[in-house]
Amino acid sequence: MNRTKIVLLGATGSIGSSACNCIRRFPERFEIVGLSANHRIPQLLDLADEFHPKAVCVGSSQTDALRQRLGAGVTVYNATEGLEDLVNRTEFDILLNALVGAVGLRATVAALKKNKTVALANKESLVVGGDFINSLVQSGFGKVVPVDSEHSAILQCLSGENHSSVESILLTASGGPFRNTPLDKFKDIVPEDALNHPTWSMGKKITIDSATLVNKGFEVIEAHHLFAMPYNRLRVVIHPQSIIHSMVEFHDGALMAQMGVPDMELPIQFALSYPERLPIPSKRLNLASVKELTFFEPDFDRFPCLRLCLDAGRIGGTMPAVLNAANEMAVAAFLAGELGYIEIAAVLRSAMERHSPQPVNGIEVVEEADRAIRAFSTELIGRMAEKHKGAHERGK
Ligand code: NAD
Ligand code: MG
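Conventions and cut-offs
- Residues numbered from 1 in each chain as written.
- Chains lettered and ligands numbered in written order.
- Predicted model: local features only at pLDDT ≥ 70, side-chain atom pairs only at ≥ 80, totals over all residues.
- Heavy atoms only, no water.
- Donors = N, O, S within 2.8 Å, 3.2 Å for Na, K, Ca; no water.
- Helix = DSSP H or I, 4+ residues; strand = E, 2+ residues; numbered from the N terminus.
- Buried < 20%, exposed > 50% of the residue type's maximum accessible area, 1.4 Å probe, protein only.
- Near = heavy atom within 4 Å.
- Polar contact = N/O pair within 3.5 Å; in protein donor to acceptor, adjacent residues only side chain to side chain.
- Areas by Shrake-Rupley, 256 points an atom, 1.4 Å probe, with all protein chains shown as cover.
- Nonpolar A, V, L, I, M, F, W, Y, C, P; charged D, E, K, R; others polar.
- Salt bridge = Lys/Arg side-chain N within 4 Å of Asp/Glu carboxyl O.
- Pairing = 2+ DSSP bridges.
- Axes fitted to C-alpha atoms, helices over the stretch in contact; angles between N-to-C directions.

Visitor: Got a sec to walk through the coordination of the magnesium ion (ligand 2)? Specific residues and values, please.
Guide: The coordination sphere of the magnesium ion (ligand 2), as far as protein atoms go, consists of Asp148 (OD), Glu150 (OE) and Glu219 (OE), spread over 2.1 to 2.2 Å. Of note, the donors binding the magnesium ion (ligand 2) are all from one chain and are spaced D-x1-E-x68-E. Of this pair, Asp148 sits in the loop between β7 (143-146) and α7 (149-158) while Glu219 sits in helix α10 (residues 214-226), and the two are 71 residues apart along the sequence. For the residue pair Asp148 and Glu219, the accessibility class agrees, reading buried in each case.

Spelled out as structure tokens, the structure:
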């Protein structure tokens, strides 16, 4: 059997590293032909030495030194454009897109246009470009298989079922580190608090998105596009133990749930071998030690960003792309200590208020909306940062 050729973008990140573990487990089945990393070049070189890809892409411009180090058999691309070039010019079967942010959209679209399978961790691709991605898939270009644990759970619950018998989809959310924090303490939240996720270990940006529940809002939009489900049949339920990864309710009242330990290797590996299941040793769920599974309705006063995401999804067009661009800026500013936690929602709200959505019929319209809102957000965050600094100094 020919090995499945994989391009792994974002190889040095949290998903990228777990993906390498899955690929290492089945050397006779999977082969890495392309890798990318933004800044962590030594880590990328270790992976290149181990997996012998035919192409790599790096964020930095040290391409000459890399070409010398990797030898003539490896094509070296660089910068954001290089990601798309690597996908366009490398022969592969599956693109595992583990990039973070809207920067992942072009690679997803390029792989679909080559009629390839995209194992999609980069949920932002679907949040910002879902309508266009679906138009490609519906015209027969490629396939999207979700890596996100909730969407993998839904795919598993839907296996062998008829789409017309689905009544609703329930996405579970841990509720993040601030599920029980008194609301009057929210103004004091600092990045270290928000980076302390109770159940999942992930990259910084998605960890902050999990604290604000932007991540869950994005996942509702992702589910809308992946499973052709209207927003009024998509629900969020807070489930602090992160044992049920999501559920599907059918029209006879059956509620199917997929359970497991909170570990991304299962959904990543399943996306690579889909529809087949390959073994993963250890990591079994011991229900007796979990003891209790609890569920709560989401509190929109506590998590205003979740409401904004659901609104953006319903409005549609370029609105989710605008929400995403503002969020990328706000999260970076929060992590840099320039913006307060509660101001993240204010940035998203202002960005949405200012935007007139356009239909998403290609990449350009998304990128234009993204650029305009990044410029607007930079200015807005700059003003907020001045106030934030002032308040911080007065509080000293
Ligand atoms: P991460 O920050 O750990 O890794 C991101 C990777 O993308 C790194 O390899 C980095 O070098 C690369 N990258 C970042 N910015 C780039 C840029 N501008 N150009 C080129 N490369 C760039 O992130 P992660 O936690 O692995 O998340 C990756 C994606 O998977 C995100 O979309 C996230 O929402 C999604 N996801 C993550 C998890 C998880 O458990 N970590 C779970 C579900 C979904
Ligand atoms: Mg998820």
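Visitor: Which residues make up the site of ligand 1, and what are the values?
Guide: Neighbouring residues of ligand 1: 22 residues in total, closest Thr12, Ser14, Ile15, Glu124 and Gly203. The separation between an oxygen atom of ligand 1 and a polar main-chain atom of Ile15 is 2.9 Å. Leu99 has a polar backbone atom sitting 3.4 Å from an oxygen atom of ligand 1. Considering ligand 1 on its own, with 830 Å² of exposed area, one finds that the protein chains cover 86% of that surface. Of all the secondary structure elements, the ones that give two or more residues to the shell around ligand 1 are α1 (14-25) and α6 (123-138). Each residue belonging to the shell around ligand 1 can be placed in one class, and the counts come to 12 nonpolar, seven polar and three charged.

Visitor: How would you sum up the pattern of salt bridges? Please name residues and give values.
Guide: Throughout the structure, instances matching the rule amount to 22 salt bridges. We note a salt bridge from Asp64 to Arg67, for which the minimum N-O separation is 3.5 Å. Within this pair, Asp64 and its partner Arg67 are both found in helix α3 (residues 63-70), separated by three residues, close to a single helical turn. Overall, the relative accessible area of 58% leaves Asp64 in the exposed class.

Visitor: Explain the sheet that holds strand β2 (residues 30-37) residue by residue, including any values.
Guide: Two modes of strand pairing occur in sheets, parallel and antiparallel, and in both the strands are linked by backbone hydrogen bonds. The strand order across the open sheet built from seven strands is β4-β3-β2-β1-β5-β6-β7, with neighbouring strands paired in parallel fashion. The outermost strands of the open sheet, each flanked by one partner alone, are β4 (75-78) and β7. Ignoring which end each strand starts from, the neighbouring axes of this sheet average 20 degrees apart. Inspection of the sheet shows β2 paired to strand β3 (residues 55-58) by four bridges, in the parallel sense. Bridge pairing in β3 links Gly34 to Ala55.

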